[in-house]
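Each chain, written out:
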Amino acid sequence: MHRISYAPCASYAMKTEREKTDSIMRASLFITCYNDTLFPETGRAVVRLLERLGVELEFHPQQTCCGQMHANTGFRAEAFSQAKRFVGIYRKAETVVIPSSSCVAMIRDQYPRLFKELGNEALCREFAALLPRVYELSEFLIDRLGVEDVGAYFPHRVTYHASCHGLRGIHVGDRPLRLLSKVRGLELVPLENMDRCCGFGGTFSIKNAEVSSAMLAAKLQDVLATRAEYCTALDNSCLMHLGGAMHRQYAAMRTIHLAQILAATEGAPAEEAA
Amino acid sequence: MSGSSTGHSVLDPRFAPPFPAAALPMLRNAQLRKNVAHATDVIQAKRARLVAEKSDWQELRSAAAAIRSHVLENLGSYLEEFEAHCTAAGGTVHWASDAAESRAIIIDLLRREQAGEVIKIKTMTSAEIQLNPALEAAGIHAYETDLAEIILQLGEGEPSHIVVPALHLNRSQVREIFARRMGLKDLPDDPQALTAAARTYLRQKFLTIPTAISGANFLIAETGSVAVVESEGNGRMCLTLPRALITLAGIEKVLPRFADLEVMLQLLARSATGERMNPYTSLWTGVTPGDGPQRFHVVLLDNGRSSILARTTERQTLRCIRCAACLNTCPVYRQTGGHAYGSVYPGPIGAILTPQLMGMQYAQSLPFASSLCGACYEVCPVKINIPEVLLELRSQVVNQERGQAARFGDLMFIAMKAANAIFAGARRFRAAQWLGRIALRPFTRKDGWIHSLPSLGAKWTQTRDLRGLPSQSFRQWWAARGLTSSLSSSKEGR
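Residues numbered from 1 in each chain as written. Chains lettered and ligands numbered in written order. Predicted model: local features only at pLDDT ≥ 70, side-chain atom pairs only at ≥ 80, totals over all residues.

Time to look at the overall build of chain B. Counting secondary structure elements, chain B contains 22 helices and twelve strands. Seen along its three principal axes, the alpha-carbon backbone of chain B occupies a region of about 100 × 55 × 50 Å. The long-range share in chain B, meaning contacts at least 24 apart out of those at least 6 apart in sequence, stands at 71%. (Helix = DSSP H or I, 4+ residues; strand = E, 2+ residues; numbered from the N terminus. Contact = placed C-beta atoms within 7 Å.)

Turning to the overall build of chain A, a few remarks are in order. Tallying secondary structure elements over chain A gives 14 helices and eight strands in all. Against the globule reference of 19 Å for 274 residues, chain A gives a C-alpha radius of gyration of 18 Å, in line with a compact fold. For chain A, the spread of C-alpha atoms along the three principal axes comes to 50 × 50 × 35 Å. Pairs at least 24 residues apart make up 80% of the contacts formed inside chain A by residues separated by at least 6 positions. (Rg over C-alpha atoms; globule rule 2.2 N^0.38 Å.)

This next bit is on the nonpolar core. Among the nonpolar cores identified, the biggest contains 213 residues, and A:I261, A:L262, B:V118, B:C326 and B:I386 are the most heavily contacted of them. No other element matches the eight residues that helix α6 (residues 101–118) of chain A contributes to this core. Residues within four places of B:V118 in sequence aside, it is in contact with B:L110, B:L135, B:I140, B:A142, B:I209, B:T211, B:A212 and B:I213. (Core = buried A, V, L, I, M, F, W, Y, C linked by C-beta atoms within 7 Å. Buried ≥ 20, exposed ≤ 12 C-beta atoms within 10 Å, placed from the backbone.)

Our next topic: the domain arrangement of chain B. As assigned here, chain B comprises domain 1 (73–307) and domain 2 (413–488). When each unit is reduced to the centre of its C-alpha atoms, the spacing between domain 1 of chain B and domain 2 of chain B is 57 Å. (Domains from an automatic or database assignment.)

Moving on, we get to the sheet that holds strand β4 (residues 134–136) of chain A. Strand pairing in a sheet is mediated by backbone hydrogen bonds. Such pairs are either parallel or antiparallel. Residues and elements named next belong to chain A. Taken together, the four strands give an open sheet; going across it, the order is β2-β1-β3-β4, and neighbouring strands pair in parallel fashion. Looking at strand neighbours, the two that pair on one side only are β2 (55–58) and β4, the edges of this open sheet. Geometrically, the sheet is characterised by an average inter-axis angle of 35° between neighbouring strands, direction not taken into account. Bridge count between strand β3 (residues 96–98) and β4: three bridges; the pairing is parallel. Bridging from a neighbouring strand, I98 pairs with E136 of β4. (Pairing = 2+ DSSP bridges. Axes fitted to C-alpha atoms, helices over the stretch in contact; angles between N-to-C directions.)

Below, the discussion takes up the interface of chain B and chain A. Interface size is commonly expressed as the accessible surface area that is lost when the partners come together. On the side of chain A, 60 residues touch chain B, which itself brings 56 residues to the contact. For the side of chain B that touches chain A, the element with the highest residue contribution is helix α18 (residues 386–402) of chain B, accounting for six residues.

It is worth spelling out the environment of A:E56 at this point. Residue and element names in this part refer to chain A. As for its placement among the helices and strands, E56 is situated in strand β2. Of the residues examined, E56 has 13 C-beta atoms within 10 Å and is grouped as partly exposed. The spacing of E56 and D195 is 139 residues in sequence and 34 Å in space, taken between C-alpha atoms. Once residues lying within four places of it in the same chain are set aside, the contact partners of E56 are I24, M25 and R26.

The structure is reproduced here in structure tokens:
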């Protein structure tokens with residue numbers, strides 16, 4: 001499938017800049033507002049995983065939100081001010097790694113337009129220079145670090161939900177599946193209608209709560225039918241939606257972010273929420 | 001679904017309830033959801049199979065998008081070219097700026113034909129201008145001849161899909177309508193018997209009513225031709241048997257050259273019905289003496305289209321060739337069916353087309369009736385970036401709200417403004433995390449989960465639980481860890 005591209009002011013020369021270097025890799029972690037607040041264990045797993053792979057991580061304390069919620073709800077001016085903040089914080093970063101495909105999709109697909117409409121040329125240029133250095137976690141591992149086997153051990157039956165923004169927004173393709181296939185002990189269970197939306201959609205889950213719940217019920221039926229122990233994804237937002245319904249329905253299955261599976265080893269099993 | 005108690009069509013966006021409210025009765029209708037899921041699954045599976053066999057599918061999409069964009073950028077001249085060639089071939093072209101004008105033109109033409117009855121090919125554009133009730137009021141009865149439209153007309157229902165208007169009904173529901181309205185008490189519900197009943201009903205109309213109304217899939221500027229694609233052959237009857245034919249077409253339907261059909265027809269049949277080629281493609285140019293209708297009129301309808309044309313992001317909406325692939329793949333449409341959209345154009349394309357055609361004062365809930373999953377854009381044969389247009393329209397709705405006093409009572413609006421203030425600085429963000437933890441504590445059970453929240457939160461907890469906020473945010477952990485590692489001057493995991 002072709003790449004979503006309404007990027008009049010940004011150059012998409014990402015792949016060419018993704019060359020492995022021999023020197024120490026430095027990356028700045030953009031944890032995202034909801035992972036920071038609701039899923040700190042995912043952030044801890046990213047730190048554990050990337051440091052194990054020799055990446056020197058930094059965390060910029062000024063970071064908050066990429067602006068996705070505002071942009072997707074129609075609050076474009078507010079989204080712009082958050083987007084501008086993001087560029088200001090990360091413009092000097094060697095690499096930015098983000099454990100959320102929907103936030104990466106926001107940055108790649110929506111920032112160019114926001115900056116063209118509400119910003120100025122200098123901002124567009126600054127962003128265009130930064131954009132090729134922004135990676136979703138599975139992209140960072142495979143395209144930047146060049147690893148598929150991250151040395152993980154997770155002896156469980158796992159099914160993978162392809163989140164919409166990962167699949168159709170940033171086109172991660174089979175990267176997450178390649179990473180999972182190299183995890184020792186892990187049995188990957190295929191998911192029917194893997195590419196169908198779980199119904200979260202940010203504020204959609206509130207504004208259209210009943211329709212969202214109906215979509216969730218349909219998704220959950222496919223997910224539970226796998227009889228896996230865990231459902232994983234690139235986005236804690238989808239997992240929060242699915243996990244919330246699993247808990248409500250006393251389901252035995254649990255949700256876990258991809259980073260937590262990849263961080264797990266024989267000596268240090270995956271950290272989960274209490 | 002028939003007319004509402006107020007006497008308006010349930011698909012009139014000016015009177016339809018907002019999407020979330022309109023969706024409720026649909027979500028409670030298990031039979032409807034089963035019918036919609038089954039029908040869309042069948043069409044999607046056929047489509048996927050036939051798309052997979054085209055190695056040049058993406059190139060075809062790009063070509064179609066280029067053709068349609070080019071047309072929209074040069075619409076005026078192509079329409080004039082079409083008019084000149086159609087007129088030279090014996091047709092008459094009429095221009096209608098809105099629904100009322102188009103209805104008046106059609107009624108006037110029918111009166112000149114002294115028509116008390118008229119046969120119709122399925123045309124969503126005629127539903128858009130609410131033609132049938134206007135004809136009835138003018139003393140002219142319209143007989144629908146598309147099988148699905150007959151079902152809806154006899155059952156006093158409304159279309160719920162652009163290509164398969166009666167998709168929300170199953171075979172036994174169709175049987176019930178036919179048995180009741182055609183007086184066929186013992187009609188079985190197998191497809192052969194149902195189509196045979198429709199055929200008997202239709203033949204008599206085809207042979208006795210000399211005036212027809214059609215829509216158009218494409219208008220060809222180069223030749224002045226009109227193209228209609230259909231599956232049943234009933235359209236072909238309407239296009240060939242009558243003495244007079246009136247074709248209603250949106251101004252965006254024009255293609256530059258005859259050869260452009262090569263691209264469009266390949267995409268349309270595969271996207272719409274999952275067929276390599278649709279069973280009937282009718283093409284005609286003006287009037288041919290002694291063959292087919294001898295009086296031919298084309299009514300070109302604007303009805304809000306030229307105002308869409310003026311806007312750069314939204315313009316792509318008019319590329320649409322009405323294949324409905326976006327409806328079939330949409331996880332929202334799959335749950336609600338078409339009626340919830342309160343428009344003859346449902347699904348993702350309806351969610352962007354309806355508010356634009358009607359003006360943004362109506363159908364404001366439609367741009368929000370999407371989880372932005374992007375499945376629609378992925379299947380669109382003319383590459384309409386529906387999520388992008390949805391976002392543009394959402395922003396317009398919010399900008400309207402900014403000027404209204406009502407926003408002070410709108411919890412979502414207040415929450416969004418508050419969140420923006422919080423995200424503007426890390427210190428505020430940390431404070432909000434701290435406050436949130438305290439505020440949610442009374443709602444959090446011993447197992448660490450929230451089962452019930454008040455206000456907006458109740459929208460979430462009506463069907464899902466929510467994990468309570470962890471005692472330590474990630475940034476707190478990072479800060480504490482930095483302190484530890486600098487004290488012991490060794491880094492974890494190295």
